[in-house]
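Here's the letter readout for the chains.
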Amino acid sequence: ETGVTQSPTHLIKTRGQQVTLRCSSQSGHNTVSWYQQALGQGPQFIFQYYREEENGRGNFPPRFSGLQFPNYSSELNVNALELDDSALYLCASSATGLDGYTFGSGTRLTVV
Amino acid sequence: DAKTTQPNSMESNEEEPVHLPCNHSTISGTDYIHWYRQLPSQGPEYVIHGLTSNVNNRMASLAIAEDRKSSTLILHRATLRDAAVYYCILRDRGSNYKLTFGKGTLLTVNP
């Protein structure tokens, strides 16, 4: 097992720009979820993908979108960045989605 | 999602047991109880989960009340590395996605 790897670890973007965050899941983990964690808060669910199809979405606007690829990698895209999008973005993967998830260390996004 | 209530913070001494409580009075029959912890500057880490019976693994034990309205995560011998925010989460087996995190309990371990 290689765990969940996220890149980049830190990123600074300007309001209105677009950003793509990347995640590499453990081999065999068909389920990947993305979370947003503001400072001092628990992570908030953005969406989940199972075998390249979105199968769940939290209370986030459509400018948050994602992709999952056959090689267990995935992306989170955010368009028209707002200052409030500044947060830690976490990727988590699971073999079944019903047991434990393995989280990455996250990407710290700062929007200025 | 059913809601959980945890103390904001707890303190323990190194090598002593720690009992982290969680109340979930509105739990439904299909809700699993999951625990995750988040160390500083890291993503959450799965600790343990259970449905009705007490569960043990290499990290911790989970004690579930008979009426399932509360549970306790037990760390048998706290180490400095156990200092983290601990999250108690209810997960409906029917909604096989999303973990709904609250604010959790910040555990401080004193040397």
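Residues numbered from 1 in each chain as written. Chains lettered and ligands numbered in written order. Predicted model: local features only at pLDDT ≥ 70, side-chain atom pairs only at ≥ 80, totals over all residues. Heavy atoms only, no water.

Participant: Please clarify how the overall build of chain B should be interpreted in this entry.
Facilitator: Helices and strands together make up the secondary structure of chain B, namely zero helices and nine strands. Start at the N end of chain B and walk to the C end: the helices and strands fall as β-β-β-β-β-β-β-β-β. Taking 111 residues into account, the globule formula puts the C-alpha radius of gyration at 13 Å, and chain B, at 13 Å, falls close to it. Each principal axis of the C-alpha atoms in chain B carries an extent, and together these give about 40 × 30 × 25 Å. In chain B, which comprises 111 residues, the share counted as buried stands at 42%. A separation threshold of at least 6 residues defines the contact pool for chain B, and within that pool the share at least 24 residues apart is 57%. (Helix = DSSP H or I, 4+ residues; strand = E, 2+ residues; numbered from the N terminus. Rg over C-alpha atoms; globule rule 2.2 N^0.38 Å. Buried < 20%, exposed > 50% of the residue type's maximum accessible area, 1.4 Å probe, protein only. Contact = heavy atoms within 4.5 Å.)

Participant: What's the story with the state of the cysteines in this structure? I'm lost.
Facilitator: Defined simply, a disulfide is a covalent bond joining two cysteines at their sulfur atoms. Residue and element names in this part refer to chain A. Following the criterion strictly, the structure yields two disulfides over all chains and no others. Two residues, C23 and C91, share a disulfide whose sulfurs are 1.9 Å apart. Taking the sign of the S-S torsion, -65 degrees for the link of C23 and C91, the bridge is left-handed. Within this pair, whereas C23 is found in strand β3 (residues 19–24), its partner C91 is found in strand β9 (residues 87–94), the two being separated by 68 residues in sequence. Judged by its relative accessible area of 0%, C91 falls in the buried class. (Disulfide = S-S within 2.5 Å.)

Participant: I keep staring at the environment of I33 of chain B and nothing clicks. Help me out?
Facilitator: Residue and element names in this part refer to chain B. Tracing the backbone shows I33 in strand β3 (residues 31–38). Using a relative accessible area of 0% as the deciding quantity, one classes I33 as buried. Between the C-alpha atom of I33 and that of S12, which follows or precedes it by 21 residues, the distance is 23 Å. Among residues more than four places away in sequence, those in contact with I33 are H24, I27, I48, H49, G50, L62, I64, R68, S71, C88, I89 and L90.

Participant: Got a minute to help me understand the packing of aromatic side chains in this structure?
Facilitator: The description of an aromatic ring pair uses the distance of the two centres, along with the angle that the planes make with each other. If you walk through the whole model with that rule in mind, you get 10 aromatic pairs over all chains. Judged by centre distance (5.6 Å) and plane angle (65 degrees), the ring pair of Y35 of chain A and F45 of chain A falls under edge-to-face. Of the two residues, Y35 of chain A is situated in strand β4 (residues 31–37) and F45 of chain A in strand β5 (residues 44–50); the sequence distance between them amounts to 10 residues. For the residue pair Y35 of chain A and F45 of chain A, the accessibility class agrees, reading buried in each case. Relative to F101 of chain B, the ring of Y35 of chain A has its centre 5.8 Å away and its plane inclined at 90 degrees; by these criteria the two rings are edge-to-face. (Phe/Tyr/Trp six-rings, centres within 6.5 Å; stacked < 30°, edge-to-face > 60°.)

Participant: Help me understand the sheet that holds strand β7 (residues 64–68) of chain A in this model?
Facilitator: The strands making up a sheet associate through backbone hydrogen bonding, with each pair oriented either parallel or antiparallel. Residues and elements named next belong to chain A. Here we have four strands laid out as an open sheet, ordered β1-β3-β8-β7, and antiparallel in their pairing. At either end of the open sheet lies a strand with only one pairing partner, and these are β1 (5–7) and β7. Averaged over all adjacent pairs, the angle separating strand axes in this sheet is 20 degrees, with direction ignored. Inspection of the sheet shows β1 paired to β3 by three bridges, in the antiparallel sense. Opposite T5, over in β3, you have S24 as the bridge partner. (Pairing = 2+ DSSP bridges. Axes fitted to C-alpha atoms, helices over the stretch in contact; angles between N-to-C directions.)

Participant: When you look at the nonpolar core in this model, what are you seeing that I'm missing?
Facilitator: It is characteristic of soluble globular proteins that their nonpolar side chains tend to be buried jointly. Among the nonpolar cores identified, the biggest contains 21 residues, and L20, I33, W35, L73, L75, Y86 and L107 of chain B are the most heavily contacted of them. Among the elements that take part in this core, strand β8 (residues 84–92) of chain B stands out by supplying four residues, more than any other. With near-sequence residues (within four places) excluded, L75 of chain B lies in contact with E16, P17, V18, M59, A60, D82, Y86 and L107 of chain B. One finds V19, W34, F47 and A87 of chain A within the second-largest nonpolar core, a separate group that totals 19 residues. (Core = buried A, V, L, I, M, F, W, Y, C linked by side-chain atoms within 4.5 Å.)

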